[in-house]
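Chain residues, written in single-letter form:
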Amino acid sequence: HTIDLGKGKPNRVVFHPDGKTAWVVYDKSRDLGIVDAESRRLLKRIKIGQNPYNLAFSPDGRYCYVLDWPGQDEVIIYDIQAERVDGRVEVSTWPAHSLFTPDGKTFYVSSETAGNVAAIDTRTRKIVATVWTGGDAMGLALTPDGKILYAANGEERSLTKIDTATNTALGTIPLPGIVHEVALTVDGQFLYTTLRKANMVVVVQLPDGKVVAQVPQMRWPDLIVMEPTGRHAFVTNRHADVVTVIDVKSHKLLKAIPVGKAPHGMAIRPQ
């Protein structure tokens, strides 16, 4: 199915934790779109920020944290029930990727051009720690137990391993190219990383950080999501207009699915 989203340039899509709605970020049009997942139609659009780029929902589904860049360089906290902005947290330049800890107590944000990851206390809505990663701080992945955070370092061609108890860097994992996204397999045994300019997905084994596979991609692999059973990884290939499917057991490319022009954001609906 294809859903008409109206004018604008949809860039990201994230499902609300209840799976009933998908929230779309429109690049440079200063708004979000809310899509009914059952009827597959756009319900409404919400004006927010100067240039919303990405978003994440608190685990309890009450708040939507919107990353606004460049300009204000802040996290906008939107109260979904009250339908209003409930708070703002200023961060470093170009906040791009983010995630919550499973308990919802901490919100991590990578600031791309600043080369750091900020840890925000969601109770006080204050930054409690800043971890400098170097290069371009991009994708983030958290281990299931919430103890280790991995951050993609872009031009530094590496991942930074961060201890979430102390919010300190434990070391780096070198990669054979400029890295954008990092995603953890469901079993926690591997990290999948996208090297956009090299047109490949590099698989890193944990905990030793060894590169065990390089999976060729079509063109400009961007974001990764893991299918909930752990069998497949899906990768948007922005300049090839496809989503590729990788078999996680063998680390082999299975197929490419043609989609719309320049796919970027991607999400799996909670069931």
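Placed above this text is the structure.
As the structure is a computational prediction, the values presented were derived from the model and not from experiment.

Peer 1: Quick rundown of the sheet that holds strand S18 (residues 190-195)? Include the residues and the values.
Peer 2: The four strands are arranged S17-S18-S19-S20 in an open sheet whose pairing can be described as antiparallel. Each end of this open sheet is capped by a strand with a single partner; those strands are strand S17 (182-184) and strand S20 (210-216). Averaged over all pairs of adjacent strands, the angle between strand axes in this sheet comes to 25°, irrespective of strand direction. In this sheet, strand S19 (residues 200-205) lies alongside S18 in antiparallel orientation, the contact comprising six bridges. The partner of Tyr192 across the bridge, within S19, is Val203.

Peer 1: Got a sec to walk through the pattern of salt bridges? Specific residues and values, please.
Peer 2: This model, assessed by the stated rule, comprises eleven salt bridges. With a closest N to O distance of 2.8 Å, Arg125 and Asp86 form a salt bridge. In this pair, Arg125 sits in the loop between strand S11 (116-121) and strand S12 (126-132) while Asp86 sits in strand S8 (residues 84-90), placing the two residues 39 residues apart along the sequence. When the shortest N-O distance is used, the salt bridge between Arg196 and Asp222 registers 3.3 Å. Here Arg196 is found in the loop between S18 and S19, whereas its partner Asp222 is found in strand S21 (residues 221-226), with 26 residues between them in sequence. Accessibility expressed as a relative area gives 0% for Asp222, which makes it buried.

Peer 1: Residues and numbers for the nonpolar core, please.
Peer 2: Residues Leu159 and Leu191 are the most contacted members of the largest nonpolar core, which totals 17 residues. Within the residue set of this core, elements represented by two or more residues are strand S14 (148-152), S17, S18 and S19. When near neighbours in sequence (up to four residues on either side) are disregarded, Leu159 contacts Ala151, Ala152, Asn153, Gly171, Thr172, Ile173, Leu175, Val179, Val182, Leu191 and Thr193.

Peer 1: Give me the lowdown on the packing of aromatic side chains, citing residues and values where you can.
Peer 2: What the rule picks out here adds up to seven aromatic pairs. A centroid spacing of 5.3 Å and a plane angle of 85° characterise the contact between Trp23 and Phe57, whose relative ring orientation is edge-to-face. Taken together, the positions of Trp23 in strand S2 (residues 21-26) and Phe57 in strand S5 (residues 52-57) put the pair 34 residues apart, joining distant regions of the chain. For the pair formed by Trp23 and Phe57, the shared burial category is buried. Judged by centre distance (4.5 Å) and plane angle (45°), the rings of Phe100 and Phe107 are tilted. The two residues Phe100 and Phe107 agree in class, both being buried. Through a chain of ring-to-ring contacts, the aromatic side chains of Trp23, Phe57 and Tyr78 assemble into a single cluster.

Peer 1: Run through the side chain of Ser58, naming residues and quoting values.
Peer 2: Structurally, Ser58 can be placed in the loop between S5 and strand S6 (63-68). Since its relative accessible area comes to 7%, Ser58 is described here as buried. For Ser58, the side chain forms a polar contact with the main-chain nitrogen of Arg62, separated by 3.4 Å. Discounting residues that sit within four places of it in the chain, Ser58 has contacts with Pro17, Tyr63 and Phe100.

Peer 1: Please set out the sheet that holds S8 residue by residue, giving values where relevant.
Peer 2: Note on sheets: strands pair through backbone hydrogen bonds, and any given pair is parallel or antiparallel. Read across the sheet, four strands follow the order S5-S6-S7-S8 without closing on themselves; strand pairing throughout is antiparallel. Of all the strands in the sheet, the pair left with one neighbour each is S5 and S8. Put simply, the sheet's adjacent strands are angled 25° from each other on average, direction ignored. Of the pairings in the sheet, the one linking S6 to strand S7 (residues 74-79) comprises six bridges and is antiparallel in character. Opposite Cys64, over in S7, you have Tyr78 as the bridge partner.

Peer 1: So what's going on with unusual backbone geometry? Residues and values would help.
Peer 2: In this model, Leu206 is joined to Pro207 through a cis peptide bond whose omega is 5°. Here Arg157, not a glycine, exhibits a phi torsion of approximately 55°, which is positive. With respect to the helices, strands and loops of the structure, Arg157 is situated in the loop between S14 and strand S15 (158-163). Taking the relative accessible area as the measure of exposure, Arg157 reaches 42% and is therefore partly exposed. Backbone geometry places Asp241, a non-glycine residue, at a positive phi of 60°. Residue position: Asp241 is located in the loop between strand S22 (232-237) and strand S23 (242-247).

Reading the values: the criteria
Residues numbered from 1 in each chain as written. Predicted model: local features only at pLDDT ≥ 70, side-chain atom pairs only at ≥ 80, totals over all residues. Heavy atoms only, no water. Pairing = 2+ DSSP bridges. Helix = DSSP H or I, 4+ residues; strand = E, 2+ residues; numbered from the N terminus. Axes fitted to C-alpha atoms, helices over the stretch in contact; angles between N-to-C directions. Salt bridge = Lys/Arg side-chain N within 4 Å of Asp/Glu carboxyl O. Buried < 20%, exposed > 50% of the residue type's maximum accessible area, 1.4 Å probe, protein only. Core = buried A, V, L, I, M, F, W, Y, C linked by side-chain atoms within 4.5 Å. Contact = heavy atoms within 4.5 Å. Phe/Tyr/Trp six-rings, centres within 6.5 Å; stacked < 30°, edge-to-face > 60°. Polar contact = N/O pair within 3.5 Å; in protein donor to acceptor, adjacent residues only side chain to side chain.

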